[in-house]
Amino acid sequence: MGIRKKILSITAHLGGGAGKAISGLINGLVDYDNALLLLEKPVETKYYDSCIDAGINVTVSNDIQVIRHLVEDNDLIILNWWCHPLFVKVFQALDGIDKKIIIWSHINGLHYPYMPFEFIGMFDGCMFTSSCTFDNDYWSDKEKEKIRQKSAIVYGIGDFKPEMCPNKPDYEIHGRFRIGYTGTLSFNKASRAFPIICEEIKNIIPDASFEMYGRTDDDFEKSFDSDYVHFNGYTDDLNDILPQMDIFCYPLNAENFATTENALLEAMAAGLPVVVLDNPTMRSIITHGKNGLIAMNTDQFVRYVKELYLHDDLRKMLGENARKSVIDRYDGENNCEVCEKYIERVMRTASHQHDFAAKGLTTSRGFFKYFCYKDYEQVEKYLNGDRSITLPDIYLGKGKSSFSQFNTYFHIFEGVK
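Just so we're clear, the structure is a prediction, and the values are computed from it rather than from any experiment.

Our next topic: the side chain of E211. With respect to the helices, strands and loops of the structure, E211 is situated in strand 9 (residues 208-213). Reaching out from E211, the side chain makes a polar contact with the side chain of H230 at a distance of 2.9 Å. Ignoring anything within four residues of it in the chain, the contact list for E211 reads R176, R178, I179, G180, Y181, H230, N232 and M245.

Okay, here's the thing in structure tokens:
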């Protein structure tokens, strides 16, 4: 046997869907010596503990010297990317270093945080968690083809085994018409029209109730009527909950950062008929009329929900097809095999020295500006006090590369909450 290659995966944290994706993939790469660097102390320890239990060498630090030492001690670096502000320190540590680096993007890059073409070109390899990333309007056809040739689709599904998920026992409505939603409970990701959608559905289906699972913020929760929209908190095990839902509604905002969408896949694996709003991520998962319904607007969304309410056979057909499509396409073991083949491909290429400072990525302001990309002129006006500027919700939230999140680490924006 040859010497086992050493891989260092770097991530800001191991929370939520990212934790599931990263820990599951690392634990599946059994032919390598794996190390994991977390840039901040884990708040949720489930996936951290799973890595420790699997014998993964885990370090928690965002010290530049510690990062650089770990990078130098490994053969390949995988950066788990969603534009977390602490990656400024990672780029500082990697600047000038001669190592093979793969970026694994857990955001689609179609909106803020953007992924400029030249950013992808800085790395030796790139893995995307959704094929919708190739729909980037800011890449030319030639650039898209270059990226396709260079990249691989590695879903963020961890060790997901959809065939093992409990599924609906039947498609009759028992009592209330239960409509489910799980995942990010924030207008950073969900549509601003979501409360209106719920209200209009309730007006035409009086026995409808909406069951929300996940961590929420005050702005989101207070936008809904608590009489029929129930916020049930976060749970990391939905196996007994999802099959009790009648349908699953997943209306994301037009400028979402979604990719693999584990919440949606888990609902489909449970055999739930799903309704979504039209956007590239949803189109990469759902074929309209076959394994789900894609609404072009909120009125159509409500009509589709009514159709599902009225027709047991439609719920059954879409739910069963949803489960089958997820089983056929999203299997954790197969996903690991795709990743392994891609890693070996990158390992065979020549490494090169990386220059992140030249693009301004080693300073907090330069980093933020770079990923604003086409939005920066408007963002700058907003930051200079022009509150007539309307920015996408993601800039104004508490996480997801917002002003507030950058201020948590670097205090670079005055007068912005």
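We are not done yet, so read on.
Turning our attention to the environment of I294. With respect to the helices and strands, the residue I294 is situated in strand 13 (residues 293-295). A residue is classified by how much of its surface remains accessible, and I294, at 9% relative accessible area, is buried. I294 sits 167 residues away from M127 along the chain, and the two C-alpha atoms are 27 Å apart. Sequence-distant contacts of I294, defined by excluding residues within four places in its chain, comprise V276, L277, D278, M282, R283, I286, H288, Q300 and Y304.

Among the six residues that make up strand 9, six are buried, leaving the element largely enclosed by the rest of the structure. In terms of strand pairing, strand 8 (residues 177-182) meets strand 9 through six bridges, oriented parallel. The partner of I179 across the bridge, within strand 9, is F210. Read as a crossover between parallel neighbours, the route from strand 8 over helix 7 (residues 194-204) to strand 9 is right-handed. With three bridges connecting them, strand 9 and strand 10 (residues 229-231) associate as parallel partners. Among the inter-strand pairings, F210 is bridged to a residue of strand 10, identified as V229.

Taken together, seven strands build an open sheet; the order of strands is 3-2-1-4-5-6-7 and the sheet is parallel. With partners counted over all chains shown, the strands left at the sheet margins are strand 3 (57-60) and strand 7 (151-153), one partner each. In this sheet, adjacent strand axes meet at a mean angle of 20 degrees when their direction is disregarded. Two strands pair when backbone bridges link them, and strand 2 (residues 33-38) and strand 3 are joined in this way by four bridges, in the parallel orientation. Bridge pairing in strand 3 links L36 to V58.

Right, let's get into the packing of helix 14 (residues 364-372) against helix 15 (residues 376-383). Running from N to C, helix 14 and helix 15 point in directions that differ by 130 degrees, and their axes come no closer than 8 Å. Our classification of the angle between helix 14 and helix 15 gives oblique. Along its contact with helix 14, which presents F368, K369 and C372, the element helix 15 presents Y376, V379 and L383. When grouped by side-chain class, the residues that make up the contact of helix 14 with helix 15 number five nonpolar, no polar and one charged.

The rules behind these values
- Residues numbered from 1 in each chain as written.
- Predicted model: local features only at pLDDT ≥ 70, side-chain atom pairs only at ≥ 80, totals over all residues.
- Heavy atoms only, no water.
- Helix = DSSP H or I, 4+ residues; strand = E, 2+ residues; numbered from the N terminus.
- Polar contact = N/O pair within 3.5 Å; in protein donor to acceptor, adjacent residues only side chain to side chain.
- Contact = heavy atoms within 4.5 Å.
- Buried < 20%, exposed > 50% of the residue type's maximum accessible area, 1.4 Å probe, protein only.
- Pairing = 2+ DSSP bridges.
- Right-handed = clockwise from strand over helix to strand, strands pointing away.
- Axes fitted to C-alpha atoms, helices over the stretch in contact; angles between N-to-C directions.
- Parallel < 35°, antiparallel > 145°, perpendicular 65-115°, else oblique.
- Nonpolar A, V, L, I, M, F, W, Y, C, P; charged D, E, K, R; others polar.

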